[in-house]
Every structure is written in C-alpha cells, then in structure tokens.
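Analysis of the macromolecular model
Letter by letter, the chains look like this.
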Amino acid sequence: MAILLSASVVSKAFDARPLFQGLTFVVEERERIGLIGPNGAGKSTLLKILAGQLPPDSGTLSLQKGLRVGFLQQELKLPPDLTVEDYVMHAAMEAPGGDGPALAGELLSKLDLNALSHKTLDSLSGGWKKRAALARELVKEPDLLLLDEPTNHLDIESILWLETFLANARFASLIVTHDRLFLQRVTNRILEIDRRNPNGLLNVRGDYATYLEQKEVLLDTQKREERVLRNTLRRETEWLRRGPKARTTKQQARIQAAGELKEAVEELSARNETRSARINFQGVEKKPKRLIEARAITKRFGDTTLFKDFDIFIGPKDRIGLLGANGCGKSTLIQVLLGSVAPDSGQLLRAEQLQVAYFDQVRDSLDPTLTLWKALCPHGDHVNYRGRPVHVRGYADRFLFNKEQLEVNVGRLSGGERARVLIARLMLNEANILVLDEPTNDLDVDTLNVLQDCLTEFDGAVLLVTHDRYFLDQVASQIYAFPTEENQGHLTAFAGLDQWERWREAKKAKPTARQAETPTPIAPPKKRKLGFNETRELATMEGTLQSVEARLKDLESQSTEPDVVSDSKRLSQIFQEIAKTQLEIERLYARWAELEALR
C-alpha cells in the first residue's frame, strides 16, 4: 500500500514539559489506526501537528503530494450564526470533482441532519454539533481523516453508525479514542504513545485485543529484563567495592560498563513504573433502604412524551444505566428523580436528607482561568477529605498531577485531565447516590478501569449516563433504554448491553407485512474448504512451530550467558527478540487453529 504520511523522530514539549520524543511511524492507504495513550501524553497535539496546525519542535513530517487531510477536533469551535446546511455546503465547494453539493446532501441525510439543516450551529447540542462537523470534513473527500474523540457527545445509535461507516470507508483514518469497543470494531492497527514503550511508541498491527496481548508481553519482557539487569548490576557493584584498584584497561572498561548498566536499569525502571489515579468516593453513615422511588411518572415537552408511566426503585448498591438518543430526555429524567424538575404526573419518594454527588457532562463548573491549585482548593492549601485535612499537593498527586501543574490554568489542561479534576472535586463530597452524566469523556483507559472498579465498590447507588458501552456494561446491573416510536413513551429495562443489542438487531430485522407473506428463501452459505497453499501450510505448521519454539529456547539460554549478561546493549536486543518470537508463536498457534477449523 502507498504511504500517505510519514513522521520521523517527531518531538513536542508543552511549557518545557516533554509530551513525546522521537516518534517515528507511517500511515498507509485505507488503514484505520487507533491512537491511544495516557491523558496528557500529547495525542491531540500530535493530531494537530499531522493536520498542519502546529509545528513539531524537532523531527520531520512528510505528506504524499496532494494529500487531502480532514480533521475532526475534540473541542469544536463552530461559527455560531451559520446554519447547518450553509456550514456543510461551504466546505462542499472545496470538494474535488465538482460533486460536493450532491455529496453534502447525501451526508446530511445519512447523519440525520436534514431536519436541523436550517438551524444555526449555536442552537445545537454537543452531539449534533459533532455530526455537523463530521459532515463538513467528509464532504471534502479526505484521503486521511483525523478524528479526536469522535464518540464524545454522540448517542449510541450514532456511534454504531460511525463504526460501520469508518470500517467500510475507502479513506485512511487516525482516531484518538478511549472507547474500547469502538477500537475493537473499527481499527486494524494501534499506535500507543506511552513512556513505558521503547522509544515512547508501541506499533501493533491488528485490533485492540491484539494490542492488549502484545502490550502484556512487552511489559512482562521489560520487567524480566529489569530483574536480570538489576542482579547483574548488583554483582558488578559488589566486585567494584571489594576488587583491586582499577589500573588495567580491562578493569576500567568493566567500571564503564557498570555505569552504562546502571543507566539501563534506571531507564527500564522508569518505563516499568505504573501509576493510576486513586479514586474512592465517600458514602454516608446512614444508609436508608429506599433512596429514590418513582411511581408511574410521566414527563412531556410540548407535544413530545419523554417518558410515560415510569416506575423505578433505587436503593444502596443499585447500579442504573440510562441509554437513549441525544435529546431523548435522559438528563430530564435525572432532574426529575433528583427533584429539580417536577413530573407532569405520578409520584416521587426520596429519602430524607438525600445526599447527591453530581458529575455534569457540560463541565461548566470548571473555571478555565483558575489554576489547578485553586480549582481543587479555593481557600488555603488543604482540602478536607474523609474528615481530615490533606495538603493540596498530596491530593493532586492522587490524581496524577505533579507540583508544576498546580500553577497551570485549568483551561490549558487536556480534556482527560479536566475530567480528573472534576472527579477529584466530587470525591470531597459525601453521597448516598452518585449521578454521573457522561463521566468517561476524555478519560484514558487506566483511569476508566480505576473509576469502573470504584463505582462497583461504592456503598451507595449509581445513576449512570455514558456513551461508553463497555463501561456501561461493566458498571450497570440494569439498563433502561429510552422510548422509541414502537414502545410509545415507555422505557424498556435490560439486564445488560448484550440483551439490548439483541433486541435492537431483532427490531431492525423484523420483516414488513409484505415480506412476511412472501418470504424469500435464503440459500445456506457454502462452506469454504482449504485451498492448495493452505493445505501445504497446515502440513508444515507443526514443523514451523517446533523451529520457532527452538529459536525461543535458544534466545532464553543466551540471555543467561555471562558474556551477554554483562553486555547491557546485547542483552536488551535479545530480550526484544524473545518478545517478537513469543508473539510469532502465538500467531502461529492461532493460524493453526484457523486452518484446522477449515479442514
């Protein structure tokens, strides 16, 4: 495949803090690359460099001649007075081939924007703005589309559409997202920016599951390498302490090698260090059995019924997830349940002195002009956490902020870092019930895992709205899907996301009356047999595996030889070969199983 873009040893720093250093990679035609990494690693910055909006501090960037690059940014700044139609049509004039206006009309229809085409952009919700911006980038017919958190603010139906669209697109895409299910279903290659990776970048061809397997092998290999090097360094240090004065050239070389070995150990130790945010919400001592109960509540907005005759009982340890399209009424239902908005009919019962901790998806409570210090601790230098004072530096460190960041304005933090600030402030409040409206936006996978575990262990109840299907399925014990035309205002309860997806597919596959009268017979698919080359591959597979496994055994033996152990550079090369060989063995076993199944 032709190379669209190549980056060579690209580096970028932010306020003297290195984001990434020496990144080298290429993007080829029709690749669907997931760009992942911890919050603050510089993923959004890298996209801006690739889009030509920022220069790198060092390194080179080469683009194929005439390459058209589209860029859907994480934080949209749209012209407020333009209508949706004008916004997309202006870009259509730049489209190659002269068919831009026709394509614009098609995209407005596909993205369900026709009904909103004459509305101004400032009147749209975040999800509809995201769709309009996506339509504008697609109408330019890019060769490479850069997407920064494209699923943020999209409802699940829109995310499912985007998955299918990108998976079948003829252009290449580079996608920053922490939505693990989206990554698994869309991408065919993963790039991870992480200081724990050699040269700061892990490049994995395959889906997200393949990346997880290779990342685990890499970390295990690096930890094993660190243990071996530490043992070697300890022996060399003991020799230097008790040995004769280093007069000979050989002894001086050994001292120099020990110094290099120490540096290698320190580098590996830094790469192997793993830190995650420490999240732990505060429950309250009194735990009434009934926190909120709704009996046949109904709410309308004009002629639209948001929900009708809805019953729910929420007690401690209940985990409720809400699922539905943008604007369907999820936030309104939350406000009704909490007592901020009255229902049109029905009865609501709430526990006395109900204490609620609320995570708002809009994040308006964060003043971008405040420093991180003031955002966490408006007065003085201590916060009150679980009844005791904690210095703001220690509290910030709990959420992976260093002391230098305390003086940085909140508006200059990444989206994920701002989300961590909100969680940090939320943790200072005691609560019977946590209400989380899109808490997963911008959070990295490590923080999502910690938050997921914390919500599972929380003593109170959790009411959750999120577009992250994996997170929703892991946390919620019951999911309520908002009304569709078929169920006429009634929410539908599901035990899990799998059940909802089966229900959704069954609705889509439901035949019309005419189809039901004259069903079309479907021929069973023909079972594919092994081809000539595959038959030969299967016949030699066992021998191939034995050869590669012998190679692995030889490498592991070499890694313990004294001459190799004392040569840190050679030892590092051998460990890298061991990791590659282990991955090759896993691939061969998977291929063997595939061929056996065909046979």
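Residues numbered from 1 in each chain as written. Predicted model: local features only at pLDDT ≥ 70, side-chain atom pairs only at ≥ 80, totals over all residues. Heavy atoms only, no water.

Overview of the pattern of salt bridges
Within this structure, the stated rule accounts for 21 salt bridges. Across the pair Lys110 and Glu106 runs a salt bridge, and its minimum N-O distance is 3.1 Å. Here Lys110 and its partner Glu106 are both found in helix H3 (residues 100–110), four residues apart, which amounts to about one turn of the helix. A salt bridge links Asp194 to Lys215; its shortest N-O distance comes to 3.6 Å. Remark: Lys215 occurs in helix H7 (residues 208–242) and Asp194 occurs in the loop between strand S8 (189–193) and strand S9 (201–205); sequence separation between them is 21 residues. Each of Glu163, Asp179, Arg185, Arg469 and Glu501 takes part in one network of salt bridges that share partners. (Salt bridge = Lys/Arg side-chain N within 4 Å of Asp/Glu carboxyl O. Helix = DSSP H or I, 4+ residues; strand = E, 2+ residues; numbered from the N terminus.)

Some points on unusual backbone geometry
One non-glycine residue with positive phi stands out, namely Lys317, at about 75 degrees. One can find Lys317 in the loop between strand S11 (304–314) and strand S12 (319–323). With phi around 55 degrees, Glu438 is a residue other than glycine that occupies positive phi space. Structurally, Glu438 can be placed in the loop between strand S17 (433–437) and helix H13 (445–457).

Here we look at the packing of helix H2 (residues 84–92) against H3
Axis separation between H2 and H3 bottoms out at 8 Å; the angle between their running directions is 140 degrees. The angle between H2 and H3 falls in the class oblique. Classified by chirality, the crossing of H3 by H2 is right-handed. Listed contacts from H3 to Val84, Val88, Met89 and Ala92 of H2 are Gly100, Pro101, Ala104, Gly105 and Leu108. Classifying every residue of the contact of H2 with H3 by side-chain character gives seven nonpolar, two polar and no charged. (Axes fitted to C-alpha atoms, helices over the stretch in contact; angles between N-to-C directions. Parallel < 35°, antiparallel > 145°, perpendicular 65-115°, else oblique. Left-handed = near helix turned anticlockwise from the far one by under 90°. Contact = heavy atoms within 4.5 Å. Nonpolar A, V, L, I, M, F, W, Y, C, P; charged D, E, K, R; others polar.)

Focus on the sheet that holds strand S13 (residues 345–350)
The strand order across the open sheet built from three strands is S11-S10-S13, with neighbouring strands paired in antiparallel fashion. Two strands lie at the open edges of the sheet, namely S11 and S13, each paired on one side alone. Ignoring strand direction, the axes of neighbouring strands in this sheet form an average angle of 20 degrees. In the sheet, strand S10 (residues 292–301) pairs with S11 via seven bridges, with the strands oriented antiparallel. Counted as the bridge partner of Ile297 is Phe310 from S11. Docked against the sheet, helix H9 (residues 330–338) engages S10, S11 and S13, running at close to 135 degrees with respect to S10. (Pairing = 2+ DSSP bridges.)

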